[in-house]
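As a plain string of letters, each chain reads:
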There are 2 protein chains.
Amino acid sequence: MTMAEVARAAGVSVMTVSYAYGQPGRVSDEARARVREAAERLGYPGPHPGARSLRRGRTGNLGVVLGEHLTYAFDDPQASRFLAGVAQVCADHGMALTLVPVTGGPSDVDRVTAAAVDAFVVWTTADDDPVIDAIAATGLPATVHGGPRRDDLAFVAVDDRAAARAAGIEVFAGARHPAVLSFPLDRARISSVSFGAPSNAGVTAHSGTSNVGVAPSDTVTTEAGPARATAGIDPEASTFRVTRQRLRGFRDAWAEAGGDWSQVRVAVCSTNSAREAEALAAELLTGPHACDAVAAMSDELALGTLRAAARLGLSVPGDLTLSGWDDTDAAAPAGLTTIAQSLRDQGARCARTALGHPAPGDRDTEVAWRLVRRVSTRRP
Amino acid sequence: MTMAEVARAAGVSVMTVSYAYGQPGRVSDEARARVREAAERLGYPGPHPGARSLRRGRTGNLGVVLGEHLTYAFDDPQASRFLAGVAQVCADHGMALTLVPVTGGPSDVDRVTAAAVDAFVVWTTADDDPVIDAIAATGLPATVHGGPRRDDLAFVAVDDRAAARAAGIEVFAGARHPAVLSFPLDRARISSVSFGAPSNAGVTAHSGTSNVGVAPSDTVTTEAGPARATAGIDPEASTFRVTRQRLRGFRDAWAEAGGDWSQVRVAVCSTNSAREAEALAAELLTGPHACDAVAAMSDELALGTLRAAARLGLSVPGDLTLSGWDDTDAAAPAGLTTIAQSLRDQGARCARTALGHPAPGDRDTEVAWRLVRRVSTRRP
DNA sequence: CTGTTAGCGCGTTCAG
DNA sequence: CTGAACGCGCTAACAG
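Rules used in this analysis
- Residues numbered from 1 in each chain as written.
- Chains lettered and ligands numbered in written order.
- Predicted model: local features only at pLDDT ≥ 70, side-chain atom pairs only at ≥ 80, totals over all residues.
- Heavy atoms only, no water.
- Axes fitted to C-alpha atoms, helices over the stretch in contact; angles between N-to-C directions.
- Helix = DSSP H or I, 4+ residues; strand = E, 2+ residues; numbered from the N terminus.
- Parallel < 35°, antiparallel > 145°, perpendicular 65-115°, else oblique.
- Contact = heavy atoms within 4.5 Å.
- Nonpolar A, V, L, I, M, F, W, Y, C, P; charged D, E, K, R; others polar.
- Buried area = accessible area lost by both parts, 1.4 Å probe.
- Salt bridge = Lys/Arg side-chain N within 4 Å of Asp/Glu carboxyl O.
- Polar contact = N/O pair within 3.5 Å; in protein donor to acceptor, adjacent residues only side chain to side chain.
- Pairing = 2+ DSSP bridges.
- Buried < 20%, exposed > 50% of the residue type's maximum accessible area, 1.4 Å probe, protein only.
- Right-handed = clockwise from strand over helix to strand, strands pointing away.
- Near = heavy atom within 4 Å.
- Core = buried A, V, L, I, M, F, W, Y, C linked by side-chain atoms within 4.5 Å.

Now for the packing of helix α2 (residues 14–22) of chain B against helix α3 (residues 29–42) of chain B. Residue and element names in this part refer to chain B. Axis separation between α2 and α3 bottoms out at 10 Å; the angle between their running directions is 95 degrees. Of the possible angle classes, the one that applies to α2 and α3 is roughly perpendicular. Contacts between α2 and α3 pair T16, V17, A20 and Y21 from the former with A31, R32, V35, R36 and A39 from the latter. Along the lines of polarity and charge, the residues of the contact of α2 with α3 split into six nonpolar, one polar and two charged.

This part takes up the interface of chain B and chain A. Each partner contributes to the interface: chain B provides 37 residues, whereas chain A provides 36 residues. Across the chain B/chain A interface, buried area totals approximately 2900 Å², and carbon plus sulfur atoms make up 66% of it. Summed over the shared surface of chain B and chain A, the number is two salt bridges. The interface formed by chain B and chain A contains five residue pairs in polar contact (both at pLDDT 80 or more). Those elements that place two or more of their residues in the side of chain B that touches chain A are α4 (49–56), α5 (72–75), α6 (77–93), β2 (96–99), α7 (108–113) and α8 (130–138) of chain B. Of the residues contributing to the side of chain B that touches chain A, the split by class is 22 nonpolar, twelve polar and three charged. Here strand β2 (residues 96–99) of chain A runs beside β2(B); their pairing, made up of three bridges, is antiparallel. The residue of β2(B) that forms the bridge with T98(A) is T98(B).

Residues and elements named next belong to chain A. Residues A293 and A295 of strand β10 (residues 293–296) are buried on one face, and the alternating residues V294 and A296, pointing to the opposite face, are buried as well. Both strand β6 (residues 178–182) and β10 contribute to a ladder of four bridges, which runs parallel. Bridge pairing links P178 to A293 in β10. Alignment of β10 against strand β11 (residues 321–323), held across three bridges, turns out to be parallel. Among the inter-strand pairings, A295 is bridged to a residue of β11, identified as S323. The parallel pair β10 and β11, bridged by helix α13 (residues 299–312), forms a crossover whose chirality is right-handed.

A few words on the pairing of β6(A). All names here are of chain A. Most of β6 is tucked away: five of the five residues are buried. With burial as the criterion, each face of β6 is covered, one bearing P178, V180 and S182 and the other bearing A179 and L181. Note: β6 against strand β9 (residues 265–268), four bridges, orientation parallel. Residue S182 lies in a different strand from β9, and its bridge partner there is V268.

Inspection of the region around DNA strand D gives 25 residues, with M3(A), S18(A), Y44(A), R52(A) and S13(B) positioned closest. Y44(A) is positioned with one of its side-chain polar atoms (N or O) 2.6 Å from a phosphate oxygen of DNA strand D. In this structure, a phosphate oxygen belonging to DNA strand D sits 2.6 Å away from a main-chain N or O atom of S13(B). Considering only residue class, the surface near DNA strand D consists of twelve nonpolar, eight polar and five charged.

The next point concerns the protein's contact with DNA strand C. Surrounding DNA strand C, one finds 24 residues, the nearest of these being T16(A), M3(B), M15(B), Y44(B) and R55(B). In the interface set of DNA strand C, defined as its atoms within 4 Å of the protein, sugar plus phosphate atoms amount to 56%. Contact between DNA strand C and R55(A): a base nitrogen at 2.9 Å from a side-chain N or O atom of the residue. In the model, a phosphate oxygen of DNA strand C is placed 2.9 Å from a nitrogen or oxygen of the H48(B) main chain. If you list the elements that add at least two residues to the surface near DNA strand C, you get α2 (14–22) and α4 (49–56) of chain A together with α2 and α4 of chain B. It is α4(B) that contributes the most residues to the surface near DNA strand C, four residues altogether. Broken down by class, the residue content of the surface near DNA strand C amounts to 13 nonpolar, seven polar and four charged.

Moving on to the pattern of salt bridges. Applying the stated criterion across every chain, the model contains 46 salt bridges over all chains. Here D75(B) ties to R344(A) by a salt bridge, and the two come within 2.9 Å at their closest N and O atoms. Pair noted here: D75(B) is in helix α5 and R344(A) is in helix α15 (residues 343–355), and the two residues belong to different chains. The partly exposed category is assigned to R344(A), whose relative accessible area is 31%. Across the pair E68(B) and R189(B) runs a salt bridge, and its minimum N-O distance is 3.0 Å. Placement of E68(B) in the loop between β1 (61–66) and α5 and of R189(B) in the loop between β6 (178–182) and β7 (192–195) is noted, with a sequence separation of 121 residues between them. You can call R189(B) buried: its relative accessible area is 13%. What emerges from the salt-bridge pattern is a single network uniting D128(A), D129(A) and R187(A).

So, about the nonpolar core. With 62 residues, the main nonpolar core has V86(A) and V86(B) as its most contacted residues. The contacts of V86(B), once residues within four sequence positions are left out, are L62(B), V64(B), L97(B), V121(B), G347(B), A348(B) and A351(B).

Before going further, it helps to examine the environment of C291(A). Residue and element names in this part refer to chain A. For C291, the position within the fold is in the loop between α12 (274–284) and β10. Classification of C291 as buried rests on a relative accessible area of 6%. The sequence separation of C291 and V27 amounts to 264 residues, and the corresponding C-alpha distance is 75 Å. When sequence neighbours within four positions are dropped, the list of residues in contact with C291 reads H177, P178, A179, R265, L284, L285 and L320.

So, in structure tokens, the structure goes:
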């Protein structure tokens, strides 16, 4: 069923049919009626989208790439909020939103280059993710959220280091045994509990070190994983820009309190889930190195920590101060001190930028964040 | 930057380049190396996805259409779980997931026909939604979740009527003033509070009727809205199959308890949100017709009801019995009696069916659900 | 307002 | 293993 057949049946030229669909005003009422009638009769579903976009040079699709398995788009609350903002802008412009099927394997590069889209939005991935090169190589407009930051791609993110410093100052105030509950450090996504380590440190032995989880089976587990777990956490070694900047910011805050990074215990979650956080937090909050302050990289992780504290009979902020990140709906009821930012707005901004429709402040204005003080920390 | 240019630069024919990408095994190592080198040098990003799919006759995209604004995909927890299942299957098959930009306006039909996809999955929409005809007209494989049910499209849904009956029997046991907290009745999505009405009833005046919300501005508000609000709720009049079947099921349950549908108060939410539910529930739980049993169509709505009850100082199940739907993570902690079903599995099933890769039981097995009894209802 | 021409970039033929 | 022709289905650009 092609346009030519409809044209023949309607007794008009192919271009008249094309116009009848694409620019109806350019065709006489009569011709349009005949075309519609013939199309109806033949069951012609309208111009073939693929052929049309080949000819026009645009697809009407905005591609979204996650540095994660595709299901993350709907499973992770942060990604979800971000994508809601992207979706809003897509709907405004009549663009479809195409989630490119990333699985973590090497074929992801091919899938990205095979995506028929007009622009890309990239949700946080690792600096060494080959997918990011593939995207840059397409030459299509692309905006990266969170990281990595590159000269050839647009970039949107809050100043994570400054925000982490602000949260750290708050949560570490008066603390003696601070801890950080962190996102994964790199693509191996190995969870661990250890102490901070200076960037130029060699292997520092810590008896408290342990591996709690394992990397997903389809992920390449590098030798760096276990090694790092015994070496302590070096912020500079993280290949996720967001994680790196937040670790730096927490380190800054503790340094300002006169402390040393090697005193800070760092638990790394392999996923952004309260469940996993609860298990890791239980480890942070018990034993000879039990912590009295936890700076978490998301509200989900902080909520898991709250649950662990409750189970251990620890009071907040009496025995433990705690901060989260994002100011999600659950943060206020839980009394959680947190960093407020709108991932939804940031998603919208990424989409606008990628589609070439920036709003007035999109290019220049910094992305907004603010510290929200609640009862999980002590300062007034 | 086309394939022909790469071929010229590499000193081979265009087809050699094509094979080098599409069927590398069919090309000599040397030719492949020269092609890769030339491509690298010229910055050729690989075969143009659009041209490739035009030629091949497949796009590698699974289209998803929601009977809602695009942001619903990420904002509504039920849609989100469903789509996580769809995404899982897409990732398994290396297919991209394209969310077709639906806004509720008349242009939605064009957007659907303009979608370059190999198959469609449709998330619950109204029987009279023109989008569903457009999808059928494309002739592409399509699977509808929830409704409408059509002979020409595959269909996946639980037996909502039977499940609602089961929940209703549970929650209405011993009740004197039952109520239903419902999803929207039709595309106008007007929220209201009124009583049930028999299907063949004329206009039944109810002084308790009120409009709580209004339809979104981009939605056509038909005259049926306000009129229906004063006429009482007739299950048969709902154009959303899921809503209709659940209303029928709740009616069945109350009838089995010897009651009449016109005694059942029905509050209709315009969205699936605890916030709106809280306001409507407050209305159900107060005044001369105060209810003592609420069957909600989702856990979100039930949780909103719980909040309203708490604020009014009502005890559950003492003063009020309550049931939800879906058995979400929040249901167990809240002690909510609910209908358990896996929207994630259903999403996966829809995707498999649409893509023509059904799993062993997909075609025949009924979709699973079960009643989960908790403390929000009274029976042992 | 309608028709003609000339491809968009690629991949499936089928020879060689 | 490689090359030449043809067309996937449509539309920009121009006549007429």
